[in-house]
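A closer look at the structure
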Amino acid sequence: MSGAASGPGGQGGSRGPGGLALRLRREQEVLARIRGTEDRIADAITAFAGTMQFVYIHAAWFTQPSQPSQ
């Protein structure tokens, strides 16, 4: 069948590992632009929650002596 389009969806030019890597990179760039502010904030919180600073702050916060109630 000569003249038939090659590749997924009839898109030619993405043959071989180099073409696939380029296509993947483009898709990642598009998805990065689509990500919203909420996703970026959630990523920042998640990144901080995985640090030792987070552990130290919470250890200090929750080991404070409580005030006696009157």
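Located above this text is the structure these notes cover.
The structure reproduced in this document is the subject of the present report. All figures in this text were calculated on a predicted structure; none of them were measured in a lab. (Residues numbered from 1 in each chain as written. Predicted model: local features only at pLDDT ≥ 70, side-chain atom pairs only at ≥ 80, totals over all residues. Heavy atoms only, no water.)

Under the counting rule described, the total for this entry stands at one aromatic pair. Consider the rings of Phe48 and Phe54, whose centres lie 5.6 Å apart with planes at 90°: the pair is edge-to-face. On the accessibility criterion, Phe48 (36% relative accessible area) is partly exposed. The class of Phe54 is partly exposed, set by a relative accessible area of 26%. (Phe/Tyr/Trp six-rings, centres within 6.5 Å; stacked < 30°, edge-to-face > 60°. Buried < 20%, exposed > 50% of the residue type's maximum accessible area, 1.4 Å probe, protein only.)

Attention now goes to the pattern of salt bridges. In this structure the tally under the stated criterion is two salt bridges. Of the charged contacts in the structure, one is a salt bridge between Glu27 and Arg23, with a shortest N-O distance of 3.4 Å. Residue Glu27 and its partner Arg23 are both found in helix H1 (residues 16–34); the two are separated by four residues, about one turn of the helix. In this structure Glu27 comes out as partly exposed when scored by relative accessible area, which is 39%. (Salt bridge = Lys/Arg side-chain N within 4 Å of Asp/Glu carboxyl O. Helix = DSSP H or I, 4+ residues; strand = E, 2+ residues; numbered from the N terminus.)

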